Amino acid sequence: MSKVQVMEHPLIQHKMGFIRDKNTPTKTFRELVDEVGMLMAYEVTRDLDLEEVEVETPIQTTTAKRLSGKKICLVPILRAGLGMQESIHKLIPSARVGHIGLYRDPDTLQAIEYYAKFPGDIEERDIFVIDPMLATGASAVEAITAIKKRGGSKIRFICLIAAPEGVETLQKAHPDVDIYIAALDDRLDDHSYIVPGLGDAGDRLFGTK
Ligand SMILES: O=P(O)(O)OC[C@H]1O[C@H](OP(=O)(O)OP(=O)(O)O)[C@H](O)[C@@H]1O
Ligand SMILES: O=c1cc[nH]c(=O)[nH]1
Ligand SMILES: [Mg+2]
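Fair warning: this is a prediction, and the values are worked out from it, not measured in the lab.

I'm lost on the overall build of the protein in this one. Help?
Broken down by element type, the protein carries 6 helices and 13 strands. Taking 2.2 N^0.38 as the reference for a compact globule, 209 residues should give roughly 17 Å; the C-alpha atoms of the protein span a radius of gyration of 18 Å, in line with that estimate. On the principal axes, the C-alpha backbone points of the protein span a range of 65 × 40 × 30 Å. The buried share of the protein, reckoned over its 209 residues, is 46%. In the structure as shown, the protein presents an accessible area of about 10900 Å², 51% of it carried by carbon and sulfur atoms. Charge centroids of the protein, computed over 26 positive and 32 negative side chains, lie 2 Å from each other.

In structure tokens, the structure reads:
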């Protein structure tokens, strides 16, 4: 069964309070989601391999460490995943980026795919799937299934807020995918929104609604 890691770091938890607040304006919401994305990336990449390299400082030659050429692919789930992707990409600038567009049908709650584009060598890469919300889990399951169909296999899922129902569904469908979250919430409401949650992440990021 996959690992579920809730990030308890005080900076993340502090920012999550403002992200949840319905009075936080769109600009600030976007900045905070971006910042938490970066803080989460720090933790998600903790186990990346390093190799030793020789470096000449202005004083003498020394041994330093460098990421050992690990190939990474970020896959934000459109739209809301874009809100966390940029800051993670800043930390890992050599990563390639795939995109999958999904929307949740409000009646059936099924995830409907409307776009997909991945790097050709996705099967060689460590893949970070990014979406702020894991509610029923349908979107995450669909996105990861689409990636696996193209040969992707080493996959992690990063989100801000998860409902227990979504975690269970994702773990059942993809037991090999570790899940990193900033907060595990209580439940889903009658419309399958996360409670207490933050509302609709896409609408709050992009000022739609
Ligand atoms: O776990 P689920 O029940 O599938 O719900 C989660 C999905 O819902 C939201 O996307 P939405 O459909 O609102 O699309 P958007 O990002 O374009 O707003 C969110 O960003 C997830 O992708
Ligand atoms: O609470 C939720 C559930 C799905 N999508 C969102 O943006 N928020
Ligand atoms: Mg939305």
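Sorry, what's going on with the site of ligand 2 here?
With respect to spatial proximity, the complete set of residues near ligand 2 consists of Arg-104, Met-133, Ala-135, Ser-192, Tyr-193, Ile-194, Gly-199, Asp-200 and Ala-201. Residue Ile-194 places a main-chain N or O atom 2.8 Å away from an oxygen atom belonging to ligand 2. Take Ala-201: an N or O atom from its main chain is 2.8 Å from an oxygen atom of ligand 2. Protein chains shield 89% of the accessible area of ligand 2, which is 230 Å² for the free molecule. Looking at the shell around ligand 2, its residues break down into 5 nonpolar, 2 polar and 2 charged.

Any chance you could explain the site of ligand 1 here in plain terms?
Around ligand 1 lies a shell of 16 residues, among which Arg-104, Asp-131, Thr-136, Gly-137 and Ser-139 are the nearest. Interatomic distance of 2.8 Å between a backbone N/O atom of Arg-104 and an oxygen atom of ligand 1. At 2.9 Å, a backbone N or O of Ala-135 approaches an oxygen atom of ligand 1. Summarising the interface, the protein chains cover 91% of the accessible area of ligand 1, which totals 500 Å² for the free molecule. Of all the secondary structure elements, the ones that give two or more residues to the shell around ligand 1 are β6 (99-104), β9 (133-134) and α4 (138-149). Of the residues assigned to the shell around ligand 1, the class counts are 8 nonpolar, 4 polar and 4 charged.

For this particular structure, what's the right way to read the pattern of salt bridges?
One side chain can pair with another of opposite charge once the charged atoms of both are near each other. Inspection of every chain in the model, using the stated rule, returns 14 salt bridges. One salt bridge in this structure joins Lys-71 and Asp-121, with 3.5 Å as the shortest N-O distance. Of the two residues, Lys-71 is situated in the loop between β3 (61-67) and β4 (72-78) and Asp-121 in the loop between β7 (111-117) and β8 (126-130); the sequence distance between them amounts to 50 residues. Lys-148 is paired through a salt bridge with Asp-176; the nearest N and O atoms lie 2.9 Å apart. Residue Lys-148 is located in helix α4, and its partner Asp-176 is located in the loop between α5 (164-173) and β11 (178-184); the two are separated by 28 residues in the primary sequence. What emerges from the salt-bridge pattern is a single network uniting Asp-47, Asp-126, Lys-154 and Arg-156.

In this structure, what is going on with the nonpolar core? I would like to understand it.
One recurring pattern in soluble globular proteins: nonpolar side chains tend to sit buried together. Residues Met-16, Ile-19, Met-40, Leu-160 and Leu-198 are the most contacted members of the largest nonpolar core, which totals 35 residues. Listing elements by their share of this core, those giving two or more residues are α1 (10-20), α2 (26-44), β4, α3 (82-91), β8, β10 (154-162), β11 and α6 (201-206). Among the elements that line this core, the one with the most residues is α2, at 7 residues. Counting 26 residues, the second-largest nonpolar core is a separate cluster that includes Ile-77, Phe-118, Ile-147 and Val-177.

Looking at this model, I keep getting lost on the packing of α1 against α2. Mind explaining?
α2 packs onto α1 with a crossing angle of 155 degrees between their chain directions and a minimal axis gap of 10 Å. Taken together, α1 and α2 sit at an angle that is classed as roughly antiparallel. Between α1 and α2 lies a crossing of left-handed hand. Where α1 abuts α2, its residues Leu-11, Ile-12, Lys-15, Met-16, Phe-18 and Ile-19 lie against Phe-29, Leu-32, Val-33, Glu-35, Val-36, Leu-39 and Met-40. Residues belonging to the contact of α1 with α2 are distributed by class as follows: 11 nonpolar, no polar and 2 charged.

Explain the packing of aromatic side chains here, please?
The final tally for this structure, using the stated rule, is 1 aromatic pair. Judged by centre distance (6.2 Å) and plane angle (35 degrees), the ring pair of Tyr-103 and Tyr-114 falls under tilted. Highlighted residues: Tyr-103 in strand β6 and Tyr-114 in strand β7, separated in sequence by 11 residues.

Rules behind the numbers
- Each chain carries its own residue numbering, running from 1 in the direction its sequence is written.
- Just so you know, chain letters begin at A and ligand numbers begin at 1, following the order they were written in.
- Where local features are concerned, this predicted model is filtered to residues with pLDDT of at least 70; where side-chain atom pairs are given and counted, the filter is 80 or more; whole-chain, interface and lining totals use all residues.
- Side-chain metrics rest on all non-hydrogen atoms present in the structure, leaving aside hydrogens and water.
- In this description a helix means any DSSP run of H or I spanning at least four residues, a strand means any run of E spanning at least two, and both kinds are numbered starting from the N terminus.
- A radius of gyration in this sense is built from C-alpha atoms; the matching globule rule multiplies 2.2 Å by the number of residues raised to 0.38.
- Categorising residues by exposure relies on relative accessible area from a 1.4 Å probe, with only protein chains included: less than 20% of the type maximum marks a residue as buried, more than 50% marks it as exposed, and the intermediate range marks it as partly exposed.
- In short, Shrake-Rupley with a 1.4 Å probe defines the accessible areas, and a residue's cover is counted only from the protein chains shown.
- Residues counted as positive are Lys and Arg, residues counted as negative are Asp and Glu, and His and the chain ends are not counted.
- Note on charges: their place is set at NZ of Lys, CZ of Arg, CG of Asp or CD of Glu.
- A molecule or strand has a residue near it when one of that residue's heavy atoms lies within 4 Å.
- Any N or O atom pair separated by 3.5 Å or less is treated as a polar contact, with the protein-specific requirement of one donor-capable and one acceptor-capable atom, and with residues adjacent in sequence counted only for side-chain atom pairs.
- Gly is put with the polar residues, along with every residue not named as nonpolar or charged; the nonpolar set is Ala, Val, Leu, Ile, Met, Phe, Trp, Tyr, Cys and Pro, and the charged set is Asp, Glu, Lys and Arg.
- A side-chain nitrogen of Lys or Arg and a carboxyl oxygen of Asp or Glu constitute a salt bridge if their distance falls within 4 Å.
- Grouping buried Ala, Val, Leu, Ile, Met, Phe, Trp, Tyr and Cys residues that are joined through side-chain atoms within 4.5 Å yields what is termed a nonpolar core.
- Between N-to-C directions, angles span 0 to 180 degrees; the directions come from axes that are lines fitted to C-alpha atoms, helices contributing only their stretch in contact.
- Here the angle decides the label: under 35 degrees means roughly parallel, over 145 means roughly antiparallel, 65 to 115 means roughly perpendicular, and every other value means oblique.
- Rotating anticlockwise by less than a right angle from the far helix to the near helix defines a left-handed crossing, while the corresponding clockwise rotation defines a right-handed one.
- Note on contacts: a residue pair is in contact if any heavy atoms of the two residues lie within 4.5 Å.
- We call Phe, Tyr and Trp rings a pair once their centres come within 6.5 Å, taking the six-membered ring for Trp, and we label the pair stacked below 30 degrees between planes, edge-to-face above 60, and tilted otherwise.

Nothing here speaks to function; it is all geometry.
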